[in-house]
Amino acid sequence: ETGVTQTPRHLVMGMTNKKSLKCEQHLGHNAMYWYKQSAKKPLELMFVYSLEERVENNSVPSRFSPECPNSSHLFLHLHTLQPEDSALYLCASSQEPLAAYNEQFFGPGTRLTVL
Amino acid sequence: AQSVSQHNHHVILSEAASLELGCNYSYGGTVNLFWYVQYPGQHLQLLLKYFSGDPLVKGIKGFEAEFIKSKFSFNLRKPSVQWSDTAEYFCAVNNKIKAAGNKLTFGGGTRVLVKP
């Protein structure tokens, strides 16, 4: 248990559905991240939030919409996804947002399947 | 853009054998280097990291890694593996410049299976 939780752990959705992934960290960190882990591809950074402000959008399509209402919670809102968006979505958090030496703590991930 | 490559996708070895996993990165500036591990059914967790100083860093569970700047490499080693080292191992880098923030670039991972 890292102190980063993600719900749901598994999600199956149709291409016309709207769903949200939730991440919560209990570590008192100030930065939160979304990563995508696809089969046969490296883990890809999607978004970075620092003190609840988005500081990085790594060319992610607009059908993925992040939200960070406070430093402990991070959401990823999904709408009109494509089958190729099926992947494991990982959330992470770290202290001192811009400090590159800080370890990132990862959640268990949400396994998303888009039909 | 920086990239990270891990040469082996799968490694199978017996207990007590030595392990070395290769990692090379491509980036023109100075970097921090990390190895993360994901045990079966568990989350990603940090194994060790290099920021500065001694290029040979020691991590948890008997792992170590050596940063060779001239080769842009950060290979992971363990002299004698155990069955419990079965996992997927990920090399990662980020830009040391503060303004770049803490944005990790990961390699594709190496699945290690240790046979008892």
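An account of the accompanying structure is given in this report. (Residues numbered from 1 in each chain as written. Chains lettered and ligands numbered in written order. Predicted model: local features only at pLDDT ≥ 70, side-chain atom pairs only at ≥ 80, totals over all residues. Heavy atoms only, no water.)

1. Points about the overall build of chain A
For step 1, the next point in the chain: Scanning chain A for helices and strands turns up zero helices and 11 strands.
For step 2, the next point in the chain: The N-to-C order of helical and strand elements in chain A reads β-β-β-β-β-β-β-β-β-β-β.
For step 3, the next point in the chain: In terms of overall size, chain A behaves like a compact globule, its C-alpha atoms giving a radius of gyration of 13 Å where 115 residues would be expected to give roughly 13 Å.
For step 4, the next point in the chain: In terms of overall dimensions, chain A has C-alpha extents of about 40 × 30 × 30 Å along its principal axes.
For step 5, the next point in the chain: Looking at chain A residue by residue over its 115 residues, the buried ones come to 49%. (Helix = DSSP H or I, 4+ residues; strand = E, 2+ residues; numbered from the N terminus. Rg over C-alpha atoms; globule rule 2.2 N^0.38 Å. Buried < 20%, exposed > 50% of the residue type's maximum accessible area, 1.4 Å probe, protein only.)

2. What about the overall build of chain B?
For step 1, the next point in the chain: Along its length, chain B carries zero helices and 12 strands.
For step 2, the next point in the chain: In sequence order, the secondary structure elements of chain B are arranged as β-β-β-β-β-β-β-β-β-β-β-β.
For step 3, the next point in the chain: Over its C-alpha trace chain B gives a radius of gyration of 14 Å, about what one expects of a compact globule, namely 13 Å for 116 residues.
For step 4, the next point in the chain: By its C-alpha atoms, chain B is 45 × 30 × 20 Å across when sized along the principal axes.
For step 5, the next point in the chain: Considering chain B as a whole, with its 116 residues, one finds that 49% of them fall into the buried category.
For step 6, the next point in the chain: Of the roughly 5,500 Å² of accessible surface on chain B, a fraction of 54% belongs to carbon and sulfur atoms.
For step 7, the next point in the chain: Of the side-chain charges in chain B, 12 are positive and 7 negative, and the distance between the mean point of each set is 9 Å. (Areas by Shrake-Rupley, 256 points an atom, 1.4 Å probe, with all protein chains shown as cover. Lys, Arg positive; Asp, Glu negative; His and termini not counted. Charge placed at Lys NZ, Arg CZ, Asp CG, Glu CD.)

3. Things to note about the state of the cysteines
All names here are of chain A.
For step 1, the next point in the chain: Tallying each qualifying case throughout the model produces two disulfides over all chains.
For step 2, the next point in the chain: The side chain of Cys23 participates in a disulfide bridge whose partner is Cys91; the two sulfur atoms lie 1.9 Å from each other. On the sign convention where negative is left-handed, the bridge of Cys23 and Cys91, at about -75° about the S-S bond, is left-handed. Remark: Cys91 occurs in strand E9 (residues 87-94) and Cys23 occurs in strand E3 (residues 18-25); sequence separation between them is 68 residues. Across this residue pair, the class does not change: Cys23 and Cys91 are buried. (Disulfide = S-S within 2.5 Å.)

4. What to know about the packing of aromatic side chains
For step 1, the next point in the chain: Applying the stated criterion to the full structure yields 14 aromatic pairs over all chains.
For step 2, the next point in the chain: One aromatic cluster is present, formed by Tyr33(A), Tyr35(A), Phe106(A), Phe34(B), Tyr36(B), Phe51(B), Phe90(B) and Phe106(B) through successive ring pairs. (Phe/Tyr/Trp six-rings, centres within 6.5 Å; stacked < 30°, edge-to-face > 60°.)

5. Considering the interface of chain B and chain A
For step 1, the next point in the chain: Contacts between the two partners involve 20 residues from chain B, matched on the other side by 23 residues from chain A.
For step 2, the next point in the chain: Where chain B abuts chain A, roughly 1,700 Å² becomes buried across the two surfaces, and 58% of that area is made up of carbon and sulfur atoms.
For step 3, the next point in the chain: Per-residue buried area on chain B facing chain A is highest for His43(B), Asn102(B) and Phe106(B); these three make up 33% of the total on that side.
For step 4, the next point in the chain: In this assembly, chain B and chain A are joined by zero salt bridges.
For step 5, the next point in the chain: Taken together, the connections running from chain B to chain A amount to one residue pair in polar contact (both at pLDDT 80 or more).
For step 6, the next point in the chain: Mapped onto the side of chain B that touches chain A, the elements with two or more residues apiece are strand E5 (31-38), strand E6 (44-50) and strand E10 (87-95) of chain B.
For step 7, the next point in the chain: Looking at which element gives the most residues to the side of chain B that touches chain A, the answer is E5(B), with four residues. (Contact = heavy atoms within 4.5 Å. Buried area = accessible area lost by both parts, 1.4 Å probe. Salt bridge = Lys/Arg side-chain N within 4 Å of Asp/Glu carboxyl O. Polar contact = N/O pair within 3.5 Å; in protein donor to acceptor, adjacent residues only side chain to side chain.)

6. Concerning the side chain of Lys78(B)
All names here are of chain B.
For step 1, the next point in the chain: Tracing the sequence through the fold places Lys78 in strand E9 (residues 73-78).
For step 2, the next point in the chain: Judged by relative accessible area, which is 7%, Lys78 ranks as buried.
For step 3, the next point in the chain: A polar side-chain atom of Lys78 sits 2.8 Å from the main-chain carbonyl oxygen of Lys61.
For step 4, the next point in the chain: A distance of 2.9 Å separates polar atoms of two side chains, one belonging to Lys78 and the other to Asp85.

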